[in-house]
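Coordinates in review
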Amino acid sequence: MRDIPGAWHRTAAGAGLVGDDGRIRPTIFAEMSALAARTGAINLGQGFPDEDGPPEVLAAAAEAIAAGVNQYPPGRGNAVLLDAIAAHQSRFYGLDPDPAREVLVTAGATEAIAATLLALVSGPDDEVVVFEPYYDAYAALVALSGARLVPVPLHWPDFQPDLDRLRDAVTDRTRVILVNDPHNPTGAVFSRHARGEIVALAERHDAVIVTDEVYEHLVFDRSHVPIATLPGAFERTVSISSGGKTFSTTGWKIGWLTAPADLVDAVLAVKQFLTYVNGAPLQPAIAAGLGLPDSFFSGIAAGLRSKRDLLGAGLAAAGFDVSVPAGTYFTVADAAALGASDAAAFCRELPARAGVVAIPLTAFVTRERRAEYATLVRFAACKRVEVLAEASARLAALR
């Protein structure tokens, strides 16, 4: 293999994709989805729904295409979506961003995170604090930015931040505290005390808080509380979300961020040279979704809570110890009682043993901490009820 210089290598290494032989491996999601396709196993690994979103949203996209909304939208986003995002923040959280200056539409939440980190990080002297396990893109993007990743562990079974470790992690070198709440991959919802401590530390060390809130409407037993609503937080917070999880349109890649105008301007300076713009006819469709009645939003949370309970019961019956998630698509289970000592090996064998695909939690942690999560496995509940029931029946074979 040729030695090709560039930032690609540190990006792949940051995501843990460089093997001991120096070769680049596929992501665990690509590997496990291919394994599901090859074996016919039920794919409870990657977090995408197997049902379409609300018909009003789908119809609005078709109508926009038919009406000729097929060319470049404005760089900040289609005005109807900018207005809808601002109205959504006001309606659900009492925030009042200016749609013309404090909202930016992006190519999914991942681009919003990428553009924000690339905009706000200056180089190797900067640090980005994340909560571990973390969405794998975080480590890759921090590496791409040139900053240093500083993980704060979340521990089984409740996966709440260790606040003493957090206080040690946040220093004057911290440029960004990256918060995923509700949290992927663990399904945790951070406590009020933890959110408050994040804000206090950011103020003390003059750090920016960047939040990934894509599961904001999939919290089960309480209402989502954005960090930006806490006293003193808005002025230093970039709040990121998207329509993919809320409206089961993960392939549309319509995301957004809200923040004070100077932070939005900084991110836009980078974002405009990444994708420039995207999804012109999909933007008014997501705007239509954001305007759906409260019953829609409470309904999707209740529906996923029922699926969480169905999957959790199936996992417990199969012999797993189960961490009950407070939100998101995901349930983490401990396979130690089933003889597992290596979650990755267990997941690679699971299709043959039970006809189900899952993801090892070790794919979401730094190499140094893999031993702490060695038997933990993530399952996705965002599938049809009959699929989850069949998966539960198959998993019973593990006993």
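Structure: see above.
Residues numbered from 1 in each chain as written. Predicted model: local features only at pLDDT ≥ 70, side-chain atom pairs only at ≥ 80, totals over all residues. Heavy atoms only, no water.

Assigned secondary structure in the protein chain consists of 13 helices and 13 strands. The C-alpha radius of gyration computed for the protein chain amounts to 21 Å, which stays within 12% of the reference 21 Å derived for 399 residues, consistent with globular compactness. Taking the principal axes of its C-alpha atoms as reference, the protein chain extends roughly 55 × 50 × 50 Å. Split into buried and exposed, the 399 residues of the protein chain put 58% on the buried side. Total accessible area computed for the protein chain in this model is approximately 15900 Å², and 52% of it derives from carbon and sulfur atoms. The distance from the centre of the 34 positive side-chain charges to the centre of the 45 negative ones in the protein chain is 4 Å. (Helix = DSSP H or I, 4+ residues; strand = E, 2+ residues; numbered from the N terminus. Rg over C-alpha atoms; globule rule 2.2 N^0.38 Å. Buried < 20%, exposed > 50% of the residue type's maximum accessible area, 1.4 Å probe, protein only. Areas by Shrake-Rupley, 256 points an atom, 1.4 Å probe, with all protein chains shown as cover. Lys, Arg positive; Asp, Glu negative; His and termini not counted. Charge placed at Lys NZ, Arg CZ, Asp CG, Glu CD.)

Together, I4, W8 and I24 line one region of the surface with nonpolar side chains, adding up to about 250 Å² of accessible area. Mapped onto the elements of the fold, I24 is located in the loop between α1 (7–14) and α2 (28–39). (Patch = residues over 30% accessible without salt bridge, like charges linked within 9 Å, V, L, I, M, F, W, Y side chains within 5 Å. Salt bridge = Lys/Arg side-chain N within 4 Å of Asp/Glu carboxyl O.)

Let us now look at the sheet that holds strand β6 (residues 208–212). With respect to topology, seven strands assemble into an open sheet ordered β2-β8-β7-β6-β5-β3-β4, the strand pairing being mixed. Where the open sheet ends on each side, the last strands, each with one partner, are β2 (103–106) and β4 (148–153). Direction aside, the axes of adjacent strands within the sheet are offset by 20 degrees on average. The sheet contact formed by strand β5 (residues 174–180) and β6 spans five bridges and is parallel. Note that in β6 the partner of I177 across the bridge is I209. Contacts from helix α8 (residues 192–205) reach β3 (127–132), β5 and β6 within the one sheet, and its direction differs from that of β5 by about 165 degrees. (Pairing = 2+ DSSP bridges. Axes fitted to C-alpha atoms, helices over the stretch in contact; angles between N-to-C directions. Contact = heavy atoms within 4.5 Å.)

The interhelical angle for the contact between helix α5 (residues 108–120) and helix α6 (residues 136–145), taken along N-to-C directions, is 30 degrees, at an axis separation of 9 Å. Between α5 and α6, the interaxial angle falls into the category roughly parallel. Viewed along their axes, α5 and α6 form a crossing whose handedness is right-handed. Contacts between α5 and α6 pair T110, I113, A114, L117 and L118 from the former with A137, Y138, L141, V142, L144 and S145 from the latter. (Parallel < 35°, antiparallel > 145°, perpendicular 65-115°, else oblique. Left-handed = near helix turned anticlockwise from the far one by under 90°.)

Right, let's get into the nonpolar core. With 123 residues, the main nonpolar core has F320, F379 and L395 as its most contacted residues. Those residues in contact with F379 that sit more than four places away from it in its chain are L44, L311, L315, F320, Y329, F330, T331, A333, L350, V356, A358 and L395. (Core = buried A, V, L, I, M, F, W, Y, C linked by side-chain atoms within 4.5 Å.)

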